[in-house]
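# Summary of the model geometry
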Amino acid sequence: MAFKIKPAGRLSGPPAAAAFPRRKQALAKTAGLKRPSNSGSASAYTDRLALLLSTVNELSKTGSLDGLCRSAVMLIRSRFHFDRAGIAFFSSDGKNLLGSYGTDEKGRVRDERGRSGPVLDPHAAQVRKGRVRLKVFRNDVLTDGWGKAVGRSDHAIAGLWDGRSVIGLLSADQLFTKRRITAEDARILELFAASLGHLITLKRTENELAETKNRLEYILGATRTNIDIINGEFDLQYVDPEWVKRYGPPAGRKCYEYFMGRDAMCPGCGIPEALKTRRITVSEEVLPREANRVIEVHTIPYREPDGRWLVAEFNIDVTERKRAEDCMRISMKEKEILLKEIHHRVKNNLQMIVSLLNLQAGKSNDPKVLDTIDVIRRRVYSMAVLHEKLYGSPDLSGIRFDDYIRSLLNDLPSGSPEGAPVRLSLRLEPVVLNFGQAVPCGLILNEAVTNAVKHAFAGRPEGRVEITLKKARDGSVRLSVADDGVGLPPGFDPAASTSLGFKIIMILLEQLGGKVKTDSRNGTRLTIRLPRAD
């Protein structure tokens, strides 16, 4: 290698590739050397400059960064008569070596890209920090990579620039022939370094762009996501490689003809709307030439540097998602039909029980037996009405409880046991309850209204029962049954009541996590609060 190495055995130098900055002083001054003055030397120097231009042109056609560096160290050695040459790259702070290339005594390339370590050589510090563009060392000790001295010779170090800073070093020496490095040699090396820095920077940029492009194309191909660019006249400006594989070259073709085989704009095309509103539009298209593959098209308007507005279409394959949605929709429909059938059969069975209870009541004259049968019949009927409502509901996730209340009251008695007429007043807001709430709420309502009609108006010529249903802002539901009857006994506690109706109410409220409140100042008001159902 041509780099100066300290006894610790590590290469010295700075960061990676680029273009040469504007000169501020002549090389002769920078290198501390005198330029040749006789006409013969000038002619030879001109020839060397021509060879340098030819070499740089040859290197510019190299396909990879690795190939560029390998060729560079070989050509600087063979064409410009140096014994050894090398290139080293460094971290962005210039403190660590990140790899190098160099030639040995036979001109073979030593590739040490995997080599790393701290930079120790003070000889290269001025060049690496950009203080000078090139530095020549006279009859200086050179060591190998393990710190062993290999001899003395002239050697030179030049910076590789990216246009702003030094990103690497180019070195050359005369270890074997012991020739001196002349001013012409130094100038050729400096010019070569300037051109090489530019080529390395350009090649790195190309590699980064190619790598990014390859990654993007792989991701788009793996996810079956495609990109195309279209102008306002529907002319294709670009399609990604996957589109080209399926549909061929896009040049001179309209998007609707290219993708759909149509001779006019597709119905529902998002391009005109996106260009008009300058906003992203989303639509779905079916590709007939790809077994009706479904794509979700995101049409994104953007402005080119020349002022033209184009759209980039980001096409996401949603075929499997659509199929899954269709399967789920069919499955949900089947389950909905099944659930409705279940509710229908449960309702029929409950209605049959009600009919049996009515038949049993017809065989007895005992008022207590008849009253018991009637209470049981109403409880069963309240559940039958609920299943009937669910069977006819378009949405099985919930039931309109206000509609349910109106249907349930059709079976409640219209008068007290003594025959006093009872008027029902309804103040119902639209409230939806789920099935788990609706069943116990229906039973609670049945018990509360039945108790009010049977016991609140003893000795009264008539009575009034008001039912209120509303939903609070916090999502909870309030259901109240109020009458203008005789009221509850002083100190009445629903939780301690021995009445079967109140026991049923308290058990059902516990299941719902609800609360009950009674008020007997003007008749009786029973208020039930149900928590919000999540």
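Below, the structure is looked at part by part. (Residues numbered from 1 in each chain as written. Predicted model: local features only at pLDDT ≥ 70, side-chain atom pairs only at ≥ 80, totals over all residues. Heavy atoms only, no water.)

### Some remarks on the overall build of the protein chain
- For the protein chain, the count of helices and strands is 13 helices and 19 strands.
- A total of 534 residues make up the protein chain; the buried ones form 47% of that total.
- In the protein chain, the share of contacts with a sequence separation of at least 24, taken over all contacts with a separation of at least 6, comes to 62%.
- Of the accessible surface of the protein chain, which amounts to about 28200 Å², a share of 54% is contributed by carbon and sulfur atoms. (Helix = DSSP H or I, 4+ residues; strand = E, 2+ residues; numbered from the N terminus. Buried < 20%, exposed > 50% of the residue type's maximum accessible area, 1.4 Å probe, protein only. Contact = heavy atoms within 4.5 Å. Areas by Shrake-Rupley, 256 points an atom, 1.4 Å probe, with all protein chains shown as cover.)

### Here's the deal with the packing of helix H12 (residues 435-455) against helix H13 (residues 500-512)
- Relative orientation of the contacting elements H12 and H13 amounts to 155°, with a least axis distance of 9 Å. Our classification of the angle between H12 and H13 gives roughly antiparallel. Read as a crossing pair, H12 and H13 show a hand that is left-handed. Mapping the contact onto sequence places Gly436, Gln437, Pro440, Cys441, Leu443, Ile444, Glu447, Ala448 and Asn451 in H12 and Gly501, Phe502, Ile504, Ile505, Leu508, Leu509 and Leu512 in H13.
- For the contact of H12 with H13, the residue count by class is 11 nonpolar, 4 polar and 1 charged. (Axes fitted to C-alpha atoms, helices over the stretch in contact; angles between N-to-C directions. Parallel < 35°, antiparallel > 145°, perpendicular 65-115°, else oblique. Left-handed = near helix turned anticlockwise from the far one by under 90°. Nonpolar A, V, L, I, M, F, W, Y, C, P; charged D, E, K, R; others polar.)

### Points about the environment of Gln351
- Its location among the elements puts Gln351 in helix H9 (residues 319-361).
- Residues Gln351 and Val385, spaced 34 residues apart in sequence, show a C-alpha to C-alpha distance of 9.1 Å.
- Excluding residues that lie within four positions of it along the chain, Gln351 makes contacts with Tyr381 and Ala384.

### Quick look at helix H3 (residues 65-79)
- Between its first and last C-alpha, H3 extends 21 Å over 15 residues, near the 21 Å set by a 1.5 Å rise per residue.
- Those residues of H3 that sit buried are Leu65, Gly67, Leu68, Cys69, Ala72, Val73, Leu75 and Ile76.
- Of the residues one or two after H3, His81 is the one with positive phi, at around 60°. (Expected span 1.5 Å × (residues − 1).)

### Quick notes on the pairing of strand S7 (residues 166-173)
- When you tally the buried positions in S7, you get 8 out of 8 residues, the bulk of the element.
- Pairing geometry for strand S1 (residues 84-90) and S7, over 6 bridges, is antiparallel. Its bridge partner being in S7, Ala85 is matched across the sheet by Ala172.
- As judged from the 7 bridges shared by strand S6 (residues 149-161) and S7, these two strands associate in the antiparallel manner. Residue pairing in the sheet places Ala158 in a bridge with Leu170 of S7. (Pairing = 2+ DSSP bridges.)

### A short note on the packing of helix H10 (residues 367-392) against H12
- With their axes 10 Å apart at the nearest point, H10 and H12 run at an angle of 145° to one another. With respect to the hand of their crossing, H10 and H12 are arranged in right-handed fashion. Residues Asp371, Val375, Arg378, Arg379, Ser382, Met383, Leu386, His387 and Leu390 of H10 lie in contact with H12, whose contacting residues are Phe435, Ala438, Val439, Gly442, Leu443, Asn446, Glu447, Thr450 and Lys454.
- Residue classes in the contact of H10 with H12 are distributed as 8 nonpolar, 5 polar and 5 charged.

### Re the sheet that holds strand S12 (residues 309-317)
- Across the sheet, which stays open at both edges, the 5 strands sit in the order S9-S8-S12-S11-S10 with antiparallel pairing between neighbours. Looking at strand neighbours, the two that pair on one side only are strand S9 (236-239) and strand S10 (281-287), the edges of this open sheet. Averaged over all pairs of adjacent strands, the angle between strand axes in this sheet comes to 25°, irrespective of strand direction.
- Sheet topology places strand S8 (residues 225-231) next to S9; 3 bridges connect them, and they run antiparallel. In the strand pairing of S9, Ile229 is matched with Tyr238.
- Sitting on the sheet, H9 is in contact with S10, strand S11 (293-303) and S12, with an inclination near 130° to S11.

### Some thoughts on the sheet that holds strand S16 (residues 463-471)
- The mixed open sheet is built from 5 strands, whose spatial order is S14-S16-S17-S19-S18. Here the strands that pair on one side only, and so sit at the sheet edges, are strand S14 (422-428) and strand S18 (515-519). Across the sheet, the mean angle from the axis of one strand to that of its neighbour is 10°, orientation sign disregarded.
- Here 5 bridges tie S18 to strand S19 (residues 524-530), and the two strands are oriented antiparallel to one another. The partner of Thr518 across the bridge, within S19, is Leu526.
- Set on the sheet, H13 makes contact with S18 and S19; between it and S19 the angle comes to about 25°.

### Some thoughts on the nonpolar core
- Counting residues in hydrophobic clusters, the biggest one holds 44 residues, and the most contacted among them are Phe401, Ile405, Leu445, Ile467 and Leu469.
- In terms of residue count, the dominant contributor to this core is H12 (9 residues).
- Dropping the residues within four chain positions of it, Phe401 is found in contact with Val431, Leu433, Ala438, Cys441, Gly442, Leu469 and Leu479. (Core = buried A, V, L, I, M, F, W, Y, C linked by side-chain atoms within 4.5 Å.)

### Re the pattern of salt bridges
- Throughout the structure, instances matching the rule amount to 35 salt bridges.
- Measuring nitrogen to oxygen at the nearest pair gives 3.7 Å for the salt bridge that ties Glu466 to Arg525. Of the two residues, Glu466 sits in strand S16 while Arg525 sits in strand S19, which places them 59 residues apart along the sequence.
- For Arg525, a relative accessible area of 32% gives the class partly exposed.
- Residues participating in the shared-partner salt-bridge network are Glu242, Lys245, Arg246, Glu290, Arg293 and Asp317. (Salt bridge = Lys/Arg side-chain N within 4 Å of Asp/Glu carboxyl O.)

### Quick notes on unusual backbone geometry
- One non-glycine residue, Lys178, adopts positive backbone phi at about 65°.
- Mapped onto the elements of the fold, Lys178 is located in the loop between S7 and helix H5 (183-222).
- In the Ramachandran plot, Phe234 falls in the positive-phi region, its phi being about 70° despite a non-glycine side chain.
- By the secondary structure assignment, Phe234 is in the loop between S8 and S9.

### What about the packing of aromatic side chains?
- Summed over the entire model, instances satisfying the criterion amount to 9 aromatic pairs.
- Positioned above the aromatic ring of Phe89, the side-chain terminus of Arg204 is 4.9 Å from the ring centre.
- In this structure, Arg278 packs its charged tip against the face of Trp309, placed 4.1 Å from the ring centre. (Phe/Tyr/Trp six-rings, centres within 6.5 Å; stacked < 30°, edge-to-face > 60°. Lys NZ or Arg CZ within 6 Å of the ring centre and 35° of its normal.)

Spatial relationships are all this shows, so hold off on functional conclusions.
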